[in-house]
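Structural description and commentary
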Amino acid sequence: MKFEIKVENVKESRISQFDPENIGFGKIFTDHMFVADFKNGEWTDLRIVPYGPFSLSPATSAIHYGQAIFEGLKAFARAESETEITLFRPSENAKRFNRSATRMAMPEVPEALFLQALNELLDLDRGWVPRTPGGALYIRPYMFATDDFIGVKPSENYRFAIFCCPVGPYYNKALRVKVEEDYSRAAPGGVGFTKCAGNYGAALYPTALAQKEGYDQILWTDPIEHKFVEETGTTNFFAVFDNEIVTPSLTQTLLAGITRDSVITALKHLGYSLTERPLTVKELIDRHAEIKELFITGTAATLINLDGFGFRGTYYSVYDETKIDASQEVKKFLETLKLGRVSDPFNWVEIL
Ligand code: COI
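Since this is a predicted model, take the numbers as computed values, not measurements.

1. A closer look at the overall build of the chain
When helices and strands are tallied, the chain shows 8 helices and 18 strands. Structurally, the chain occupies a C-alpha span of about 60 × 55 × 35 Å along its principal axes. Looking at the 352 residues of the chain, the share that counts as buried comes to 52%. The centroid of the 38 positive side-chain charges in the chain is displaced by 1 Å from the centroid of its 47 negative side-chain charges.

2. Some words on the packing of helix α2 (residues 90–103) against helix α3 (residues 111–124)
In the contact formed by α2 and α3, the axes pass within 9 Å of each other and the chain directions differ by 130 degrees. When the axes of α2 and α3 are compared, the pair comes out oblique. In this structure, α2 crosses over α3, and the sense of that crossing is right-handed. Judged by residue contacts, Pro90, Ser91, Asn93, Ala94, Lys95, Phe97 and Asn98 of α2 engage Glu111, Phe114, Leu115 and Leu118 from α3. Classifying every residue of the contact of α2 with α3 gives 6 nonpolar, 3 polar and 2 charged.

3. Topic: the pattern of salt bridges
Inspection of every chain in the model, using the stated rule, returns 24 salt bridges. Ionic pairing is found between Asp37 and Arg47, a salt bridge with its closest N-O pair at 3.0 Å. Of this pair, Asp37 sits in strand β2 (residues 32–39) while Arg47 sits in strand β3 (residues 42–50), and the two are 10 residues apart along the sequence. In this structure, Asp37 and Arg47 share a single accessibility class: buried. Of the charged contacts, one joins Lys173 and Asp216 as a salt bridge, the two residues approaching to 2.7 Å between their closest N and O atoms. Taken together, the residues Lys173 in the loop between β8 (158–167) and β9 (175–179) and Asp216 in the loop between α5 (204–212) and β10 (217–221) connect sequence positions 43 residues apart. With a relative accessible area of 18%, Asp216 lands in the buried category. Each of Lys6, Asp37, Asp45, Arg47 and Arg159 takes part in a single network of salt bridges with overlapping partners.

4. Some remarks on the side chain of His226
Mapped onto the elements, His226 comes out in the loop between β10 and β11 (229–232). At a separation of 3.1 Å, a polar atom in the side chain of His226 contacts the main-chain carbonyl oxygen of Glu181. Among residues more than four places away in sequence, those in contact with His226 are Glu180, Glu181, Tyr183, Ser184 and Thr221.

5. Structural notes on unusual backbone geometry
Its identity is not glycine, yet Asn40 carries a phi of approximately 50 degrees, on the positive side. With respect to the helices and strands, the residue Asn40 is situated in the loop between β2 and β3. The phi angle at Arg312 is positive, at roughly 50 degrees, despite the residue not being glycine. Tracing the backbone shows Arg312 in the loop between β16 (302–311) and β17 (314–317). According to the relative accessible area criterion, Arg312 is exposed, its value standing at 65%.

6. Here's the deal with helix α6 (residues 258–269)
Across its 12 residues, α6 extends 16 Å between first and last C-alpha, which sits within 8% of the 16 Å expected from 1.5 Å per residue. Those residues of α6 lying buried are Ile258, Thr259, Arg260, Ser262, Val263, Ile264, Ala266 and Leu267. Once α6 finishes, Gly271 follows within two positions and takes phi at roughly 100 degrees, a positive value.

7. Some points on the site of the ligand
In the region of the ligand, the neighbouring residues are Phe70, Gly72, Tyr138, Arg140, Tyr170, Lys195, Thr234, Thr299 and Ala300. In this structure, an oxygen atom belonging to the ligand sits 2.6 Å away from a side-chain N or O atom of Tyr138. Take Lys195: an N or O atom from its side chain is 2.5 Å from an oxygen atom of the ligand. When the ligand sits alone it has 280 Å² of accessible area, and the protein chains cover 89% of it. Across the shell around the ligand, the residue classes tally to 4 nonpolar, 3 polar and 2 charged. Counting the residues that make up the shell around the ligand, at least three belong to each of domain 1 (6–167) and domain 2 (175–337).

8. With respect to empty space enclosed by the protein
One pass over the full model with this rule turns up 1 cavity of 30 Å³ or more. By volume, the largest cavity amounts to about 120 Å³. Lining the largest cavity are Gly72, Leu73, Lys74, Phe76, Phe88, Asn93, Ile258, Thr259, Thr299 and Lys338. Of all the elements in the fold, those that place two or more residues in the lining of the largest cavity are β5 (73–77) and α6. With 3 residues, β5 is the largest single contributor of residues to the lining of the largest cavity. A per-class count over the lining of the largest cavity returns 4 nonpolar, 4 polar and 2 charged. Residues from two domains meet in the lining of the largest cavity; each of domain 1 (6–167) and domain 2 (175–337) gives at least three.

9. Re the domain arrangement of the chain
The domain architecture assigned to the chain consists of domain 1 (6–167) and domain 2 (175–337). Computed over C-alpha atoms, the centres of domain 1 and domain 2 are 27 Å apart. With 18 residues of domain 1 in contact, the opposing surface of domain 2 contributes 20 residues. In total, about 1500 Å² of surface goes out of reach between domain 1 and domain 2, with carbon and sulfur atoms giving 63% of it. Contact with domain 2 buries area across many residues of domain 1, yet Phe70, Arg96 and Arg103 alone supply 38% of it, more than any other trio. With a closest N to O distance of 2.9 Å, Asp261 and Arg89 form a salt bridge. Breaking the side of domain 1 that touches domain 2 down by element, the ones donating at least two residues are β4 (68–70), β5 and α2.

Cut-offs applied
- Residues numbered from 1 in each chain as written.
- Predicted model: local features only at pLDDT ≥ 70, side-chain atom pairs only at ≥ 80, totals over all residues.
- Heavy atoms only, no water.
- Helix = DSSP H or I, 4+ residues; strand = E, 2+ residues; numbered from the N terminus.
- Buried < 20%, exposed > 50% of the residue type's maximum accessible area, 1.4 Å probe, protein only.
- Lys, Arg positive; Asp, Glu negative; His and termini not counted.
- Charge placed at Lys NZ, Arg CZ, Asp CG, Glu CD.
- Axes fitted to C-alpha atoms, helices over the stretch in contact; angles between N-to-C directions.
- Parallel < 35°, antiparallel > 145°, perpendicular 65-115°, else oblique.
- Left-handed = near helix turned anticlockwise from the far one by under 90°.
- Contact = heavy atoms within 4.5 Å.
- Nonpolar A, V, L, I, M, F, W, Y, C, P; charged D, E, K, R; others polar.
- Salt bridge = Lys/Arg side-chain N within 4 Å of Asp/Glu carboxyl O.
- Polar contact = N/O pair within 3.5 Å; in protein donor to acceptor, adjacent residues only side chain to side chain.
- Expected span 1.5 Å × (residues − 1).
- Near = heavy atom within 4 Å.
- Areas by Shrake-Rupley, 256 points an atom, 1.4 Å probe, with all protein chains shown as cover.
- Domains from an automatic or database assignment.
- 1 Å grid on protein atoms, 1.4 Å probe; cavity = no way out; pocket = protein on both sides within 12 Å on 5 of 7 lines; lining within 4 Å.
- Points joined across faces, edges and corners; volume = space filled by probe spheres on them.
- Buried area = accessible area lost by both parts, 1.4 Å probe.

Structure follows, in structure tokens:
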């Protein structure tokens, strides 16, 4: 099914103001955005319009009660092509968006609409995809409740929008993480597995406290005993021991990263032995000498090594360039795949 999307082009593109050598992360936005409104039980007024602010009622319910979800994915400049771009597993984002929507009592966006909106927007703004090494176009689909009503109930009206920003690396060094034992990111039965706005807002305070102690990010532990490692900041966590790679198995309190899933599949494809299982902080400490590397994965962050982790005042250093192996091999594999440079054994890459 093809949806009818109205297009209003910008009068003048802002692309000449964009310096691809100096991008940063998330501060520059492309010319256009996609917007749709959910009214009377259906998605209406599908449109691509110039990027710009929304006008909202002060009573907009998302602002008060947090019915807001988002996704993140990237488009890449296809190697050896002046114009073609690639998208990495966009259907997975559409599916996860709808899992988040269901949990937050929000309407689903049909996967076909999500993908068509994405493709039409990218087609229009493809010139913004950086062709500089390490650059990508970060795409942010999101939905929020728009009823102007302050009773607590699921909103009847919603806005779904997508905007894009050219980005460079999110992090540019190995990170120091603090094992968090006082605060929790998520609880069983809660919303930790969704990409709802509140999960990120609630992490800011404990993260700021850890940063005051000299850390970059938090290594979240389970909310019941604070014994099991869960995830790191906005990323999933991997430990490479001498003879096995371990990543915490998915639970209700972990975000099922699409990069996580891709890294697991790619590592196995490259011949590494990888186990998804519960991983305790105690195991990381007891087997500290056997750790070759720790790394984290996410769409924005891609794959970043950890310098080490802090636990109850002791810092366990891990990063040793001579031992880095699995992370760099899988990173390179996925990077070349995303740029359309190698054949794609998993059918993950879409060319536009
Ligand atoms: C992503 O990797 O897309 C994320 O969700 C991180 C984002 C909050 C910057």
